[in-house]
Amino acid sequence: MRLLTHNFLKSNVKGTENGYPLNIEVTTIRCEDSPVDKEFVLNMLPKINYPALRTAVQQMSPYCDPPLPELPEELHAVSSSSKDKEEEGNNQKYNNLDESVIANLHRVLFDVYLVEGWLVCPDTGRKFPVKECIPNMILHEDEI
Amino acid sequence: MSLNATQDYNLLIEFVHKHLDFHDAEIHSILEMHGIKIGVDCHARPLPNQPSVFRRPFMILSFSWSSIGRQFSVSDNDEKKENVINLVSSLSRCTLIRSVIELWGAGQTIEDCVQSIQSGNSMRRYREGKYLGSDAKKYEERTWKIHVHTLGSTYTREEQTKMRSHLAFLDFPGKVQMKNPDVEFIFIREVDLDEQGGAVYPRHSGVNKDIIPENDARPSLACYFGRVLGISSLGRNWRGSNRLEQYSLKKRVYLGPTSMDSELSLIMTNLALIKKGSFAFDPFVGTGSILLTAALRGAYAFGTDIDLRVLRGRSQNENIAANFKQYGLPPPELVRSDNAIYHRHYRDHLPLFDAIVTDPPYGIRAGARKSGPRKDGEVRPVLDEHRYDHVAQTRPYSVSDVMADLLNVAASTLKMGGRLVYVIPSMLDFDENEDLPRHECLRLVSVCYQPLQTELGRRTVTMEKNKEYDEKKRFLYSENTWVNGTESAEKVANIRERLLEAAKKKPDYAEKAAIRKQKRKATKDAKKKAKREATAKEVEGTGQSKCP
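Below, the structure is looked at part by part. Because the structure is predicted, anything quoted here is derived from the model rather than measured.

Calculation rules
- Residues numbered from 1 in each chain as written.
- Chains lettered and ligands numbered in written order.
- Predicted model: local features only at pLDDT ≥ 70, side-chain atom pairs only at ≥ 80, totals over all residues.
- Heavy atoms only, no water.
- 1 Å grid on protein atoms, 1.4 Å probe; cavity = no way out; pocket = protein on both sides within 12 Å on 5 of 7 lines; lining within 4 Å.
- Points joined across faces, edges and corners; volume = space filled by probe spheres on them.
- Helix = DSSP H or I, 4+ residues; strand = E, 2+ residues; numbered from the N terminus.
- Pairing = 2+ DSSP bridges.
- Buried < 20%, exposed > 50% of the residue type's maximum accessible area, 1.4 Å probe, protein only.
- Contact = heavy atoms within 4.5 Å.

**Side note on the layout of surface pockets**
- A volume near 710 Å³ is recorded for the second largest pocket.
- Around the second largest pocket sit 21 residues that line it, and Glu39 and Asn43 of chain A together with Lys275, Asp354 and Lys415 of chain B are the ones nearest its centre.
- Every element with two or more residues in the lining of the second largest pocket is listed here: helix H2 (38-44) and helix H4 (86-92) of chain A together with strand E16 (414-427) of chain B.
- Broken down by element, the lining of the second largest pocket gets its largest block of residues, 5 residues, from E16 of chain B.

So this is what it looks like as structure tokens:
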């Protein structure tokens, strides 16, 4: 499971108030480099919950060798001037980001895999297992 | 027909004779991916002798000749200019295209075709070296050949030479070279073809290969002549060889009974406008065959399924990730989740996916399950200490719900203009206009039918998101999925059972079933016997008895 996916997963067990973001308990991690795809990263950024990503990186980093790059506290977005170019505006918002920041973002989103571990609901503590990179999010019949 | 118009640059597209229903939809999608709209940037011209009774594997596209070199190119010459679209490499992405030809002339008979060439501009432009690649030789030095392509019939060398003699007026100065000439021309003689690609009026009778005079005397449906620009990147040349092989399912490490054949997967990714950098999603990923194809097209792949066994595969070396590795692709993102409650697994976010391509499970036997108690009634709470070993119960997931949920997920998670492409099996009672599921936010782009058996076929449906999704209307959308109520859904559910029912009604069913039963028993007995003999030999060898 890459951190891009983790950014969208939540727990919605019956009675949960806020099951996002899930806390990560690491058992095994794997790193695999891939070429930086700047366009795709910029495409994804408007949809990513950045604080959740930073927290996830902090939870995974102790287990990585070399440790994961540090992400800036805030991503500075440029406000888009023209309103009707909203689609492009989403991309252009982050266009002024430093190349190294983009490379770091790419690395944490795509190159780190949680192979074995747990995703823990911040609300109820329910643990969702991750085995062979696949998170098992299926709710049990009493949690629907 | 206006092939003689000096304004037009004409391309003849030859399709493979398969998936006839898909030709138009696929080429429209591929061109659209490159920003080319048929009817706006180019026009489809009628073939000679239209309308005809049988489907034809050709299409003529006209471009204004001034646009070639400016907006479009057919060789590598103009690629240095920005935003010039190379038509040949774009079209070669179509799975169903065999070849792309610069059309010089067309007509019903070879004489008509010759006349069409002589009154056109193509000969002159060729002499001037227009539209040739940057490494084109001078007119006098170009080696050439003319390939004669006769659909549905074979002609002897002498007969082919006679056809070529009509084209002698072209009078190319360079040398004829059969192998790898600088320029390859093609003369095509088209006749009526049936659904399987065989001639409707075959020239030769089956066994003796004698010529059937009435059929032989029939005039051709059309004759075309032109310069070959390109052959599909899949190598679907007219000699029948097929680079599709490398994607063949036979070579895959991990397969299941429902793995989608690679050709249909490729077509689906084209219909879904998937290209490099697309974000593709398959909510019923199974063994990942469709997702793999999307990744081969350069997409980021995300797949979910409720069935953990199929996600994990048979072993570490036989699973979805292994299939991806086999093709040198990075592993896909896989999550075990339930598409019926997608909105409960994934947080609210802006529309995410460029394309959703999938083969949903139809019917209980096909494994359509969703989360929830196996039986209605009081649900026993799972004790904390058992939580992590507990196998979640699942319940049957009706086809009408599968489709309603799929369309809702597509409408909410696709970007505007993003496409949903799915496959739906259907028997003869299915009516495309009435029985397809609908959604306010998705417009129907195309439906392509593929016959499988006499009564059974498969439809590939393409939809496009053209309206923003309103979360508050979720239940309203679901209610309106089926125009005819769940009656339509029932037509696609449990097809295996329905086929079995239909087969049982046939007169000789009981007889055939009895024979099959006998055969199965015989095979079983033979296996038992072989096993007994093998064990006996072992016992002899070791001097010990294995039986308790």
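On we go from here.
**What about the pairing of strand E17 (residues 442-451) of chain B?**
Residue and element names in this part refer to chain B.
- With 9 bridges connecting them, E17 and strand E18 (residues 456-465) associate as antiparallel partners. Paired with leucine 444 across the strands is methionine 463, a residue of E18.
- What sits between E17 and E18 in their antiparallel hairpin is a turn of 4 residues.

**Here we look at the environment of glutamate 74 of chain A**
- Within the fold, glutamate 74 of chain A resides in the loop between helix H3 (50-60) and H4.
- Between the alpha carbons of glutamate 74 of chain A and serine 100 of chain A there is a distance of 15 Å; along the sequence they are 26 residues apart.

**Thoughts on the environment of proline 21 of chain A**
All names here are of chain A.
- Tracing the sequence through the fold places proline 21 in the loop between helix H1 (3-6) and strand E1 (23-31).
- Residue class for proline 21 comes out partly exposed when judged on its relative accessible area of 27%.
- Along the sequence, proline 21 and lysine 10 sit 11 residues apart, while their C-alpha atoms lie 6.2 Å from each other.
- Every residue in contact with proline 21, bar those within four places of it in the chain, is listed here: Ala52 and Pro122.

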